[in-house]
Amino acid sequence: QGTLLYIVDYTRLNYSTVSTYCDQYLGYPTDYLKDAGPGFYVNLWHKDDFRIYNEQIIPDIFRHLNNNDGSDASDILITLNYRIKDKKGNYVKISQKSVFLQMAPNGMPLAAVGTTTDISSFKPDANMVLSLEKLAKPGSAEENGEIIKTIYYPDERDGILTKREIEVLKWVCEGYSSQQI
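From a predicted model like this one, the values you see are computed outputs, not experimental measurements. (Residues numbered from 1 in each chain as written. Predicted model: local features only at pLDDT ≥ 70, side-chain atom pairs only at ≥ 80, totals over all residues. Heavy atoms only, no water.)

## So, the pattern of salt bridges
Taken as a whole and assessed by the stated rule, the structure comprises six salt bridges. The salt bridge partner of Lys 123 is Asp 125, with a shortest N-O separation of 2.2 Å. On the accessibility criterion, Asp 125 (35% relative accessible area) is partly exposed. (Salt bridge = Lys/Arg side-chain N within 4 Å of Asp/Glu carboxyl O. Buried < 20%, exposed > 50% of the residue type's maximum accessible area, 1.4 Å probe, protein only.)

Written out as C-alpha cells, the structure is:
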C-alpha cells in the first residue's frame, strides 16, 4: 500500500508532481502516470463511480464552494472515495483527499494538491462518500469543521434498505412471525 501525492495543473491537464508510490497499488510506474496525465487516470475509474462523480458529486462540491461563508476554496478539504482499475484489471478502492490551490475568477479550479490511498482492505462496499471540511487557519484557535458528508450509491439498490431491514425481510420470507423475529 502507500499514499500517492500529486499536484495537478488543470490549465495544462498534467501532473506537475506525482510521488513514487503509484506502482504499489495501481501497478503503473510513476513516470508513466505522470506522463499520461489526468485524462489517463480518469479513464481508470469504475464507470458507475465516474457517472456519479460527474452527475452528482462535482455539482455538490461546486454548490458548496460557491455558497460557502466567504472561505477561500483552498480552505476546503475534499475527501472522496471511489473505485479505480489497476494495471491487472482489478478494482482498487481509493480514498482521495484534495484541496484546490488556485481558482479562476469564474470559480473553476486551476490547480489542486492531493493524496490517494488504497482503502480496499477497509471498505467492503462500493458506496461513495464525499466529505467537505473547512480547514482551520495555521496558528488559529479554530478547529477543522465538517461542512457536508454525503453518501452516494453507484448501485441504486444500495441504500434503499439497511442491513437490518434486509435481515428482517429474509426472516419474514422464511415464514417467521414478528414475535419470532
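Picking up where we left off.
## A short note on the confidence of the model for the chain
Here the chain shows a mean pLDDT of 86. Residues at 70 or above account for 91%. Across the chain, strand S3 (residues 76-85) holds the top mean pLDDT of 96, while helix H4 (residues 163-173) sits lowest at 72. (pLDDT = per-residue confidence, 0-100. Helix = DSSP H or I, 4+ residues; strand = E, 2+ residues; numbered from the N terminus.)

## Overview of the side chain of Asp 60
Inspection of the secondary structure assignment puts Asp 60 in helix H3 (residues 47-66). With near-sequence residues (within four places) excluded, Asp 60 lies in contact with Leu 130 and Tyr 152. (Contact = heavy atoms within 4.5 Å.)

## Focus on the nonpolar core
Within the largest apolar cluster, 32 residues are counted, with the highest numbers of intra-cluster contacts made by Tyr 41, Ile 84 and Leu 130. Of all elements in the fold, only strand S1 (3-9), strand S2 (14-18), helix H2 (30-43), H3, S3, strand S4 (91-103), strand S6 (128-134) and strand S7 (145-152) reach the threshold of two or more residues within this core. Filtering out sequence-adjacent residues up to four positions away, Tyr 41 remains in contact with Tyr 15, Leu 26, Leu 33, Tyr 82, Ile 84, Ile 94 and Thr 116. (Core = buried A, V, L, I, M, F, W, Y, C linked by side-chain atoms within 4.5 Å.)

## A short note on unusual backbone geometry
Look at Leu 13: it is not a glycine, yet its phi comes out positive at around 50°. The residue Leu 13 is located in the loop between S1 and S2 in this model.

## Examining the pairing of S1
The sheet contact formed by S1 and strand S5 (residues 109-118) spans seven bridges and is antiparallel. Bridge pairing in S5 links Leu 5 to Thr 115. Between the end of S1 and the start of S2, which pair antiparallel, lie four residues, with Leu 13 showing a positive phi angle near 50°. (Pairing = 2+ DSSP bridges.)

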